[in-house]
Amino acid sequence: MAKVFAFFAEGTEEIECLTVVDILRRGSVDVELISITENKTVVGSHKITVVCDKTIEEADFETADLLFLPGGMPGVTHLEQNQKLLSAIKAHKEKGKLLAAICAAPSIFGHLGFLNDLPFTCFPGFQEGIDGVDGAKWTGAAVESTEQFITGRGMGVAVDFSLALLARLKGKEVAAKIKSGIQHPETL
């Protein structure tokens, strides 16, 4: 079974994170919600309290097939400042494992130099200083998928982004079944 770690910081965009967790779990993906704070209880960007499965100190990164970074401010700033998380992301990339981010969070991959010669998307404005550098190409698309990276533009595409992750992890048939089951407008 595929395993995903979804990271949650103070100020994370709740819908972006929890939509991914929900859709992937519907598709029988093992998702662990990981707090990057010392507490499992974390407050998101819209003052919604989320109880995570584990703290980052309890996470065994070797077991994860995909690391997911949600957007939201100042959540993305907190994610990028967490050295344990950055080390895990770097190790994950070196092993060729999947990395995903939505909204402002793809900028973390860009700042690490991971998007060189790749198309990516993110919330408009967060591509600055990344787009055009070493061949990185901001497309502005809703979702961009490459061999190792899946990026999403923002909260409004959280469902489609989640379905793209599910398709990569479990196959297009499973993603299509979930897409239909949640009454996605394209299936009506």
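Because the structure is predicted, anything quoted here is derived from the model rather than measured.

Structural notes on unusual backbone geometry
Cis geometry is adopted by the peptide bond preceding Pro74, which originates at Met73 and carries an omega value of 10°. Backbone geometry places Ser28, a non-glycine residue, at a positive phi of 65°. Turning to its location among the elements, Ser28 is positioned in the loop between α1 (14-26) and β2 (30-35). Phi is positive for Asp117, close to 60°, though the residue is something other than glycine. Looking at where Asp117 falls in the secondary structure, it is placed in the loop between α4 (106-111) and β8 (119-120).

Describing the pattern of salt bridges
One pass over the structure, following the stated rule, counts 8 salt bridges. Beyond isolated ion pairs, a larger network of salt bridges with shared partners links Lys3, Asp30, Glu32 and Lys54.

Considerations on helix α5 (residues 158-170)
Across its 13 residues, α5 extends 18 Å between first and last C-alpha, which sits within 8% of the 18 Å expected from 1.5 Å per residue. Among all positions in α5, only Ala158, Phe161, Ser162, Leu163, Leu165, Leu166 and Leu169 are buried. Immediately downstream of α5, the backbone of Gly171 shows phi near 105°, a positive value.

A look at the side chain of Thr151
Looking at where Thr151 falls in the secondary structure, it is placed in strand β11 (residues 149-152). One polar contact links the side chain of Thr151 to the main-chain amide nitrogen of Thr121, over a distance of 3.0 Å. Here Thr151 is in contact with Ala101, Pro106, Phe120, Thr121, Ala142, Val143, Glu144 and Phe161, once residues within four sequence places are set aside.

Considerations on the environment of Ser107
Its location among the elements puts Ser107 in helix α4. Taking the C-alpha atoms as reference points, Ser107 and Lys40, 67 residues apart in sequence, are found 25 Å from one another. Residues within four places of Ser107 in sequence aside, it is in contact with Val76, Phe126 and Ile130.

Description of the sheet that holds strand β7 (residues 98-102)
One open sheet holds the 7 strands; their spatial order is β5-β2-β1-β6-β7-β11-β10, and the pairing between them is mixed. Each edge of the sheet is formed by a strand with only one pairing partner; in this case those strands are β5 (54-55) and β10 (143-145). Sheet analysis places β2 next to β5, joined by 2 bridges and oriented parallel. Paired with Ile34 across the two strands is Lys54, which belongs to β5. Most of the contacts of helix α3 (residues 83-94) go to strand β6 (residues 66-69), to which it runs at about 135°, and overall it touches β1 (3-8), β6, β7 and β11.

Details of α3
Taking 1.5 Å of rise per residue, 12 residues should cover 16 Å, and α3 covers 16 Å from first to last C-alpha, within 8% of that figure. For α3, the full list of buried residues reads Leu85, Leu86, Ala88, Ile89 and His92. Buried residues of α3, viewed axially, fall in a sector of 160°; they line one side. Those residues of α3 that are exposed and aimed more than 90 degrees away from the buried face are Gln83 and Glu94. By the N-cap criterion, in which a side-chain oxygen at the helix start approaches the backbone nitrogen of a residue two or three places on, α3 is capped by Asn82, the distance to Lys84 being 3.2 Å. Remark: Gly96 follows α3 within two positions and exhibits a positive phi of approximately 80°.

Each value, and the rule that gives it
Residues numbered from 1 in each chain as written. Predicted model: local features only at pLDDT ≥ 70, side-chain atom pairs only at ≥ 80, totals over all residues. Heavy atoms only, no water. Helix = DSSP H or I, 4+ residues; strand = E, 2+ residues; numbered from the N terminus. Salt bridge = Lys/Arg side-chain N within 4 Å of Asp/Glu carboxyl O. Expected span 1.5 Å × (residues − 1). Buried < 20%, exposed > 50% of the residue type's maximum accessible area, 1.4 Å probe, protein only. Polar contact = N/O pair within 3.5 Å; in protein donor to acceptor, adjacent residues only side chain to side chain. Contact = heavy atoms within 4.5 Å. Pairing = 2+ DSSP bridges. Axes fitted to C-alpha atoms, helices over the stretch in contact; angles between N-to-C directions. Arc of directions from axis to C-beta.

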